[in-house]
Amino acid sequence: MIDRGVISVACVSALGLLASGAAAQGIHEGDIALGIDVDRLAVGDGSTDPQTGAFLWDACVFGVELDLNARTPDPGFDSELGAFSPNRSIAYAHRAALRKWDGQDFDSIPAETMRMSFGPLAGVSTPAVDPVEPVVGPFVGVSSNGEFHNHFTFRLELNGSPATGPTSAGVYLAQLELRIDDGSYGPTEPFWLVFDHGPDAIEFDAAVEYARSVIGGCGETVCVADANGDGLLTPADFNAWIIAFNTQSSACDQNGDGLCAPSDFNAWILNFNQGCD
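Residues numbered from 1 in each chain as written. Predicted model: local features only at pLDDT ≥ 70, side-chain atom pairs only at ≥ 80, totals over all residues. Heavy atoms only, no water.

For the rest of this paragraph, the subject is the overall build of the protein chain. Looking only at helices and strands, one finds four helices and 17 strands in the protein chain. Per element, the accessible surface of the protein chain, about 13000 Å² overall, is 54% carbon and sulfur. (Helix = DSSP H or I, 4+ residues; strand = E, 2+ residues; numbered from the N terminus. Areas by Shrake-Rupley, 256 points an atom, 1.4 Å probe, with all protein chains shown as cover.)

Below, the structure is given as structure tokens:
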């Protein structure tokens with residue numbers, strides 16, 4: 001039986017709602033690969049470098065199919081054995097309000113929200129508006145063999161109930177990150193889940209491709225010192241960092257520990273002096 005839970009963006013158009021490829025290096029087929037890329041957590045589709053066999057962390061948009069009850073336990077997040085210390089925990093965080101595809105883009109925020117829950121732990125829904133800081137869900141423990149393999153339940157909701165009505169049919173976009181409890185590694189770069197809740201395959205493919213090419217920027221190098229996001233490193237970025245610090249926004253975090261603290265000022269100076277390609 002083919003797992004239809006997660007679709008690598010590279011094969012959406014060709015294979016519709018089929019997961020791509022065989023599982024790599026112990027990652028369960030259909031799950032999102034989780035690991036460490038230098039100094040931060042990273043996600044991918046399980047593909048590897050053909051020369052070295054190392055995971056490639058260049059996928060950041062994943063397609064997901066909801067069932068008729070507007071829910072699914074897939075995809076899970078799966079790491080290799082020994083990837084993490086067994087006494088650590090990992091949580092998801094919602095970085096933005098849920099978006100709904102209108103046939104052209106994901107600009108609109110719908111009345112629906114997406115809840116992520118795990119067993120008896122209280123789930124957390126996407127916020128009604130884009131938050132200043134990510135909204136963190138429950139921390140779930142790494143197994144004794146150092147593997148993190150867990151499936152959260154995703155449920156599309158309207159006013160706290162499953163959004164199964166015809167007006168809730170469509171394609172939805174959630175922006176997430178994963179973070180580790182002790183801050184030993186920085187959080188993942190943002191990644192996106194595109195939820196299929198009833199449209200035809202052509203519409204869903206178009207929405208996923210838009211997320212991949214316009215929103216995701218998968219695999220692109222982020223210049224964190226460019227605090228105002230204008231694509232340049234100038235003294236104006238110092239003022240932008242001060243504003244980010246005062247408002248506790250994400251551009252403040254220059255050392256990748258998931259926090260906005262005075263230590264990020266020194267990190268910003270180092271990042272600025274290092275420059276960006």
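Still to come is the rest of the account.
Let's shift gears to helix H3 (residues 236-247). In a regular helix each residue adds 1.5 Å, so twelve residues correspond to 16 Å; H3 covers 17 Å between its end C-alpha atoms and thus fits that length. Along H3, the positions that sit buried rather than exposed are Asp 237, Ala 240, Trp 241 and Ala 244. Buried residues in H3, looked at end-on, bunch into an arc of 100°, giving them a common side. Residues of H3 that are exposed and point over 90 degrees away from its buried face: Ile 243 and Asn 246. Tucked into the core, H3 has its buried residues touching helix H4 (263-274). (Expected span 1.5 Å × (residues − 1). Buried < 20%, exposed > 50% of the residue type's maximum accessible area, 1.4 Å probe, protein only. Arc of directions from axis to C-beta. Contact = heavy atoms within 4.5 Å.)

This paragraph deals with the side chain of Thr 126. Of note, Thr 126 is situated in the loop between strand E10 (121-125) and strand E11 (135-136). Among the residues examined, Thr 126 registers a relative accessible area of 4% and is labelled buried. Beyond its immediate sequence surroundings of up to four residues, Thr 126 is in contact with His 94, Ala 96, Leu 98, Thr 113 and Met 114.

Glancing now at the sheet that holds strand E2 (residues 32-37). A sheet is described by the order of its strands in space; here four strands give the open sequence E3-E2-E6-E13, paired in mixed fashion. Every other strand in the sheet has two partners, leaving strand E3 (40-44) and strand E13 (149-150) as the edge strands with one partner each. As paired strands, E2 and E3 are joined by five bridges and run antiparallel to one another. Counted as the bridge partner of Gly 35 is Ala 42 from E3. (Pairing = 2+ DSSP bridges.)

This paragraph deals with H4. Between its first and last C-alpha atoms H4 spans 17 Å; for twelve residues at 1.5 Å apiece the expected length is 16 Å, and the two agree. Asp 264, Ala 267, Trp 268 and Asn 271 are the residues of H4 that are buried. Within H4, the buried residues cover an arc of 105° as seen down the axis, which keeps them to one side. Along H4, exposed side chains directed more than 90 degrees from the buried face belong to Asn 266, Leu 270 and Asn 273. In this structure, the buried side of H4 is in contact with H3. One or two positions beyond H4, positive phi appears at Gly 275, with a value near 80°.

With that settled, the discussion passes to the packing of H3 against H4. Where H3 contacts H4, the two axes come as close as 11 Å, and the packing angle between them is 160°. In terms of their interaxial angle, H3 and H4 are classed as roughly antiparallel. Of the two possible hands of crossing, H3 and H4 adopt the one that is right-handed. Residues Asp 237, Phe 238 and Trp 241 of H3 pack against Asp 264, Phe 265 and Trp 268 of H4. Looking at the contact of H3 with H4 residue by residue, the class counts come to four nonpolar, no polar and two charged. (Axes fitted to C-alpha atoms, helices over the stretch in contact; angles between N-to-C directions. Parallel < 35°, antiparallel > 145°, perpendicular 65-115°, else oblique. Left-handed = near helix turned anticlockwise from the far one by under 90°. Nonpolar A, V, L, I, M, F, W, Y, C, P; charged D, E, K, R; others polar.)

When you line up the elements, Trp 57 lands in the loop between E3 and strand E4 (61-65). Accessibility expressed as a relative area gives 21% for Trp 57, which makes it partly exposed. For the pair Trp 57 and Val 43, spaced 14 residues apart in the sequence, the C-alpha separation amounts to 5.8 Å. Residues contacting Trp 57, with those up to four places away along its chain left out, are Ala 33, Leu 34, Gly 35, Ile 36, Asp 37, Ala 42, Val 43 and Gly 44.

Shape descriptors only; they carry no functional weight alone.
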